[in-house]
Amino acid sequence: MLTKDKTILVVDDTKISRDILKNLLALLGYKNVIVASNGKEAKEILLEKGNEIQLVLLDWTMPEMDGMEFMRWKNSNEVMKSIPVIFCTARSEKDDILLALSKGVYGYLLKPTNLEILEEKLNYVNDLLVMEKELEQHKDKLQEMIANKVSCNELLSYIEQIAAKYQQFKNRIYLNTAEQCVQHNRINDAVTILQKCLAKAPTFVSGWLLMAKILWQRNQLEQAAVFLKKVLDITPNHMDALFLLGRIYLINSDFNRTRSIFIRIYNACTNKEATLERIVKIFDENECINKLFQIFPLSSLAKLSEDSVIKLIKALIDTSIEEAYEFCKRLVKDGMISKEILYYYSYCHFKKNNLKTALKYLEKLLKEYDDYEPAIKLYDKIMKSIDKKADN
């Protein structure tokens, strides 16, 4: 239950929006308000003061970490996931609202807001928190029934009783029960419970997504893709669904669809570099990291972390020394000059028979890292090549 003495966190990249919300909350008696200018700052605040925060008012579009990325992080953190969130944003499209609700937010507040609307939304959240507290005993009972291997029909009967009383939480009750069944390896029961739920609530995104994940774990990729497409029909920019669908296409070696999905992901996200890092990890796990050069321009890939660009360089060297050279050239031009990148740039020059240029970069590298063994070996190899040419 919301109380006037506990803290509310306001997250927005615009100072005027933060100030407006802070002033409105003060008028409603909430004096303990702290602010963050993006999801990354909010994350740090929660990690430090999570037990003091009773509610988060969250903007969507922000630099560094946007609202959706913040929700993904919060929901994956067992300690933080129970803190209620209200999206407070100018995004008014139905798809955006459904996507936000699929992440478990408690409300959706359109900017600009006013005192009356904010108070109404806070009262609604308060009512939900009270009901959620009452539901805890039922959740414990369901967990006990699942652990004790009570039949699926009995589970459904109990779920339907609870759902009739707590209409606002009925989909979440089905979903939580299905998740508990998965944890207890009652996969068929989880599927049955989700089917019952989705028959009554065909736009329940989280239900379709869990069905897809279950099928993915069972390696039923085609059927999983069908359910993911249902998610995307409802919320076209649902990142979890897009990423999983992209992985399925990648595993199936359907490169045209893979390319289309990951370009769609990249174009839809706000934090390009973090998203691209996530994409690199997926392609690396599937041992096809070099294919990224057929999807994204060098200018984008050159902005990745050093670990990622080293992986990309190694993959390119195995397939195309010319492309590896062009990529290293771009990195050096952009100022990413670590010992590994200078080494690989020198190596590319060596393979292209640009021996003097290779030596120039190796000498620069060895001046600072005189014990870097790969560079020493390459230097010796180049000197032998030069001596051999001189002898001829």
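Bear in mind the structure is a predicted one, so any value in this text is a computation, not a measurement.

Caption draft 1: Highlighting the state of the cysteines. This model, assessed by the stated rule, comprises zero disulfides. There is no disulfide at Cys328, and the cysteine sulfur nearest it, in Cys348, is 4.3 Å away. What makes Cys328 buried here is its relative accessible area of 0%.

Caption draft 2: Region of the structure containing the packing of aromatic side chains. As enumerated under the stated definition, the model contains 14 aromatic pairs in all. Put simply, the rings of Tyr343, Tyr344, Tyr347, Phe350 and Tyr372 pair up and form one aromatic cluster. Above the face of the Trp60 ring, Arg91 is positioned so that its terminal group lies 4.1 Å from the ring centre.

Caption draft 3: Broad picture of the pattern of salt bridges. The tally for this structure, following the rule as stated, stands at 18 salt bridges. Residues Lys111 and Asp59 are paired through a salt bridge, measuring 3.5 Å at the closest nitrogen-oxygen approach. In this pair, Lys111 sits in the loop between strand E5 (107-110) and helix H5 (115-147) while Asp59 sits in the loop between strand E3 (53-58) and helix H3 (67-76), placing the two residues 52 residues apart along the sequence. The exposure class assigned to Lys111 is partly exposed, which follows from its relative accessible area of 24%. Across the salt bridge formed by Lys103 and Asp240, the nearest N and O atoms sit 2.9 Å from each other. Linking Lys103 in the loop between helix H4 (94-102) and E5 with Asp240 in helix H11 (residues 239-251), this pair joins segments that are 137 residues apart in sequence. In this structure, a network of salt bridges that share partners links the residues Arg72, Lys103, Asp240 and Arg278.

Caption draft 4: Quick peek at the sheet that holds E3. Taken in spatial order, the five strands line up as E2-E1-E3-E4-E5 in an open sheet, and their pairing is parallel. For this open sheet the edge positions go to strand E2 (33-36) and E5, each flanked by a neighbour on one side alone. With strand direction ignored, the average angle separating the axes of adjacent strands in the sheet is 20°. Alignment of strand E4 (residues 85-89) against E5, held across four bridges, turns out to be parallel.

Caption draft 5: View of the pairing of E4. With five of five residues buried, E4 is to be regarded as a mostly interior element. Residues Val85, Phe87 and Thr89 line one face of E4 and the alternating positions Ile86 and Cys88 line the opposite face, and both faces are buried. Relative to E4, E3 is paired through three bridges, and the arrangement is parallel. Across the sheet, residue Val56 finds its bridge partner in E4, namely Val85. With H4 bridging E4 and the parallel E5, this β-α-β connection has right-handed handedness.

Caption draft 6: Inspection of the packing of helix H1 (residues 15-27) against H5 at higher detail. At a closest axis distance of 10 Å, the pairing of H1 and H5 adopts a crossing angle of 70°. By the criterion of interaxial angle, the relationship of H1 to H5 is roughly perpendicular. Only Leu115, Leu118 and Leu122 of H5 make contact with H1, whose side of the interface consists of Leu24, Leu25 and Leu27. Along the lines of polarity and charge, the residues of the contact of H1 with H5 split into six nonpolar, no polar and no charged.

Caption draft 7: Local environment of the environment of Met145. Structurally, Met145 is set in helix H5. Residues Met145 and Asp318 lie 173 residues apart in sequence; the distance between their C-alpha atoms is 55 Å. Sequence-distant contacts of Met145, defined by excluding residues within four places in its chain, comprise Val150, Glu154, Leu155, Tyr158 and Arg186.

Caption draft 8: Looking closely at the packing of H5 against helix H7 (residues 170-183). In the contact formed by H5 and H7, the axes pass within 10 Å of each other and the chain directions differ by 35°. For the element pair H5 and H7, the recorded crossing hand is right-handed. Judged by residue contacts, Glu132, Leu135, Lys139, Leu142, Gln143 and Ile146 of H5 engage Arg172, Ile173, Asn176, Thr177, Gln180 and Cys181 from H7. A class-by-class count of the residues in the contact of H5 with H7 yields five nonpolar, four polar and three charged.

Here is what the cut-offs are and how they apply
Residues numbered from 1 in each chain as written. Predicted model: local features only at pLDDT ≥ 70, side-chain atom pairs only at ≥ 80, totals over all residues. Heavy atoms only, no water. Disulfide = S-S within 2.5 Å. Buried < 20%, exposed > 50% of the residue type's maximum accessible area, 1.4 Å probe, protein only. Phe/Tyr/Trp six-rings, centres within 6.5 Å; stacked < 30°, edge-to-face > 60°. Lys NZ or Arg CZ within 6 Å of the ring centre and 35° of its normal. Salt bridge = Lys/Arg side-chain N within 4 Å of Asp/Glu carboxyl O. Helix = DSSP H or I, 4+ residues; strand = E, 2+ residues; numbered from the N terminus. Pairing = 2+ DSSP bridges. Axes fitted to C-alpha atoms, helices over the stretch in contact; angles between N-to-C directions. Right-handed = clockwise from strand over helix to strand, strands pointing away. Parallel < 35°, antiparallel > 145°, perpendicular 65-115°, else oblique. Contact = heavy atoms within 4.5 Å. Nonpolar A, V, L, I, M, F, W, Y, C, P; charged D, E, K, R; others polar. Left-handed = near helix turned anticlockwise from the far one by under 90°.

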